[in-house]
Amino acid sequence: MLAKIEVAFKELLTCLQAAKMYGTVHPMFQNSLEKAFAAFEDVFNDRQEIIIGIVGDELAYEKEIFFDLGKLLRPAILYLKERNIERLAFYRGLSKEELGKFVNVISGPKEEFKTDPQQLLVFAGIENINIGKLKVADKQDKGTAEFNQLNLYDSSMDKVAQVISSVLNLEKIDPRALKLSLNNIIDSLSVQRQELLKLATVKRYDVEVYVHMLNVAIFSMYFSSRLGFEKNDVLDIGVAALFHDIGKMYISRKTLHKPAQLSEQEFTRIKSHTVLGGEFMFKYVDTLGILPVVVSFEHHLKYDMSGYPRLPLLRKQHIASSIVAICDVYDALSQRRGYKQDYSPDVVYNIMNKDKGSSFNPGLLDKFFKFMGFWPIGSVVGLNDGSIALVREENEADIRRPKIEIISPQDKKRLVDLSQDSSLSIQRYLNPWKEGKEFLKIN
Ligand SMILES: [Fe+2]
Ligand SMILES: [Fe+2]
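Calculation criteria
Residues numbered from 1 in each chain as written. Chains lettered and ligands numbered in written order. Predicted model: local features only at pLDDT ≥ 70, side-chain atom pairs only at ≥ 80, totals over all residues. Helix = DSSP H or I, 4+ residues; strand = E, 2+ residues; numbered from the N terminus. Buried ≥ 20, exposed ≤ 12 C-beta atoms within 10 Å, placed from the backbone. Contact = placed C-beta atoms within 7 Å. Pairing = 2+ DSSP bridges. Arc of directions from axis to C-beta. Axes fitted to C-alpha atoms, helices over the stretch in contact; angles between N-to-C directions. Expected span 1.5 Å × (residues − 1). Parallel < 35°, antiparallel > 145°, perpendicular 65-115°, else oblique. Nonpolar A, V, L, I, M, F, W, Y, C, P; charged D, E, K, R; others polar. pLDDT = per-residue confidence, 0-100. Left-handed = near helix turned anticlockwise from the far one by under 90°.

1. So, the overall build of the protein
- Along the backbone of the protein there are 19 helices and 10 strands.
- Taking all 443 residues of the protein together, 40% fall into the buried category.
- Restricting the contact set of the protein to residue pairs at least 6 apart, pairs at least 24 apart contribute 64%.

Written out as structure tokens, the structure is:
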């Protein structure tokens, strides 16, 4: 499937090239339009939509980055970025005429795209293509605090993408700029942690590839600062968390995302991302310090020292690695909520607590859920009296009884501190992309 999307996108760019060189009436253009359209049709046989994003300098499709393609297409990526286009969505039903018009529109001068690129498509009568900035799904709530946090999350995501893409190209990076942007996150966590944590636990990006890295960094910084680490240490842990899986970039995406059982050889290969990552971050030891090396290397070690890589000499995992290990598993399990196999927060909690003492440092894991809450902030939950509520603030003394806001039915709307009201309790979790979606909209 990925290969087909690559082909379609390449053909589209060839078509754009032809439009710029020969104009859109020339047979050369018609010819390439024909080819591009056929390639899109081919993809639409299997799916409803194709959403391609530009993150940093790379081209990405859902969870995949087209690294090789990215390099090849640098000029095209730049071209689109200059036109404020970092997200392209094509929908089934797209006609050849629409595709031709689209190419015609984007072959225009960049000045035209200054305001809202999508508007240009609307004027041209193109219905089945959408272009613009990358966005978080469900951006409907634009309350000020929340909106600022959304901007912060977005711009951090951009920064993360840039830094990771420079690191992968072995380019120099500016550690101060990176720390500054993580520092913004820390500041914001101390003022309005609810909103940012909510984004990290509930949002979904068009392009998910960097989400895990940023989320693990956010969770690790939040966790370590609540544990009482000094700000500089929190920053260092954040940087290390950001790069914990960098070694995975060296493992083929086929192996990483293989749905079926892995062979022993493939599993060994995946496990090697720890050692590869450690070695890789060693190249940045002068700029970023030793912690990213340690954490990349150790984040799959377990509390009881099983896990990998096998370390006959080491007897204890670095505290930063233990913190990242908890946040890593938490994010990986939580992100599955959006997919077929739903892991609601109670399931995540149970899975992780089963490994308390073996995988995870027990005291540390308890503290983690104390700070994060059993139901993360922003969760849509069903109460025992049938009403629906949003989780607003965690309660450290009793993690299952946070502060909530009842949002439905209308006549019951109010804030409730469950620790003060024993008549109410949380009974079920509503998936924010399925049955919970309509309630998030009310918010
Ligand atoms: Fe990992
Ligand atoms: Fe990870």
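After that view, the rundown keeps rolling.
2. Here's the deal with the pairing of strand 6 (residues 380-383)
- Judged from the three bridges that link them, strand 6 and strand 7 (residues 388-393) form a sheet pairing that is antiparallel. By the bridge assignment, glycine 382 is partnered in strand 7 with isoleucine 388.
- What sits between the antiparallel neighbours strand 6 and strand 7 is a turn of four residues, in which glycine 386 has the positive phi angle 90 degrees.
- Looking at chain direction, strand 6 and strand 10 (residues 426-430) are connected through four bridges and run antiparallel. Paired with leucine 383 across the two strands is isoleucine 426, which belongs to strand 10.

3. Structural notes on unusual backbone geometry
- Here tyrosine 308 and proline 309 are connected by a cis peptide whose omega angle stands at -5 degrees.
- Relative to the elements of secondary structure, proline 309 occurs in the loop between helix 15 (291-298) and helix 16 (319-335).
- With an omega of 0 degrees, the peptide bond between serine 408 and proline 409 qualifies as cis.
- Position of proline 409 among the secondary structure elements: in the loop between strand 8 (403-408) and strand 9 (414-417).
- Positioned with a positive phi, methionine 305 is a non-glycine residue whose angle comes to about 70 degrees.
- Mapping methionine 305 onto the fold places it in the loop between helix 15 and helix 16.

4. Some details on helix 17 (residues 345-354)
- When helix 17 is considered as a whole, its buried residues turn out to be Pro345, Val348 and Tyr349. Here the buried residues of helix 17 occupy an arc of 100 degrees about the axis, which is enough to place them on one side. The exposed residues of helix 17 that point more than 90 degrees off its buried face are Asn350 and Lys354.
- In this structure, the buried residues of helix 17 make contact with helix 16, helix 18 (362-372) and strand 10.

5. Quick notes on the sheet that holds strand 8
- What the five strands build is an open sheet, ordered 9-8-7-6-10; its pairing is antiparallel. Two strands close off the open sheet at either side, each with one partner strand: strand 9 and strand 10. Within the sheet, the average angular offset between the axes of one strand and its neighbour, ignoring direction, is 40 degrees.

6. Observations regarding helix 10 (residues 231-242)
- In this model helix 10 runs 16 Å from its N-terminal to its C-terminal C-alpha over 12 residues, within 8% of the 16 Å that 1.5 Å per residue would give.
- Here helix 10 lies mainly inside the structure; nine of its 12 residues are buried.
- All of the buried residues in helix 10 are Val234, Leu235, Asp236, Ile237, Gly238, Val239, Ala240, Ala241 and Leu242.

7. Overview of the pairing of strand 2 (residues 58-61)
- Both faces of strand 2 are covered, namely the face carrying Glu58 and Ala60 and the face carrying Leu59 and Tyr61.
- Sheet analysis places strand 1 (residues 49-55) next to strand 2, joined by four bridges and oriented antiparallel. Paired with isoleucine 52 across the two strands is tyrosine 61, which belongs to strand 2.

8. With respect to the packing of helix 13 (residues 273-282) against helix 15
- Interhelical geometry of helix 13 versus helix 15 gives an angle of 170 degrees and a closest axis separation of 7 Å. When the interaxial angle is binned, helix 13 and helix 15 end up roughly antiparallel. Note on element contacts: helix 15 touches helix 13 through Pro292, Val293, Ser296 and Phe297, opposite Thr274, Val275, Gly277, Gly278, Met281 and Phe282.
- Of the residues contributing to the contact of helix 13 with helix 15, the split by class is six nonpolar, four polar and no charged.

9. Considerations on the confidence of the model for the protein
- On average, residues of the protein score 83 in pLDDT, and 85% of them are at 70 or above.
- Confidence over residues 137-142 falls short of pLDDT 50; this stretch has eight contacts with residues more than four positions distant or in other chains.
- Residue range residues 203-207 is modelled with pLDDT below 50. Its contacts to residues more than four positions away, or to other chains, number 16 contacts.

10. Points about the environment of glutamine 420
- Position of glutamine 420 among the secondary structure elements: in the loop between strand 9 and strand 10.
- Along the primary structure glutamine 420 and arginine 401 are separated by 19 residues, whereas in three dimensions their C-alpha atoms are 9.0 Å apart.

11. Focus on the environment of leucine 178
- With respect to the secondary-structure elements, leucine 178 resides in helix 8 (residues 175-202).
- The buried category is assigned to leucine 178, around which 22 C-beta atoms lie within 10 Å.
- Along the sequence, leucine 178 and leucine 235 sit 57 residues apart, while their C-alpha atoms lie 9.7 Å from each other.
- Residues in contact with leucine 178, not counting those within four places in the same chain, are Lys159, Val163, Ile173 and Val239.

12. Section: the environment of glycine 357
- In this fold, glycine 357 is placed in the loop between helix 17 and helix 18.
- Residue classification places glycine 357 among the partly exposed positions, given that 14 C-beta atoms sit within 10 Å.
- Along the chain, glycine 357 and lysine 302 lie 55 residues apart, while their C-alpha atoms are 9.1 Å from each other.
- Glycine 357 has contacts with Tyr303 and Pro362, leaving out every residue within four places of it along the chain.

13. Re the packing of helix 9 (residues 211-226) against helix 16
- Viewed as axis vectors pointing N to C, helix 9 and helix 16 meet at an angle of 130 degrees, and their least axial separation amounts to 9 Å. Classed by the angle they form, the pair helix 9 and helix 16 counts as oblique. For the pair helix 9 and helix 16, the sense of crossing is right-handed. Contact residues: helix 9 offers His212, Asn215, Val216, Phe219, Ser220, Phe223 and Ser224, while helix 16 offers Ile323, Val324, Cys327, Asp328, Tyr330, Asp331 and Gln335.
- Grouping the amino acids of the contact of helix 9 with helix 16 by side-chain chemistry returns seven nonpolar, five polar and two charged.

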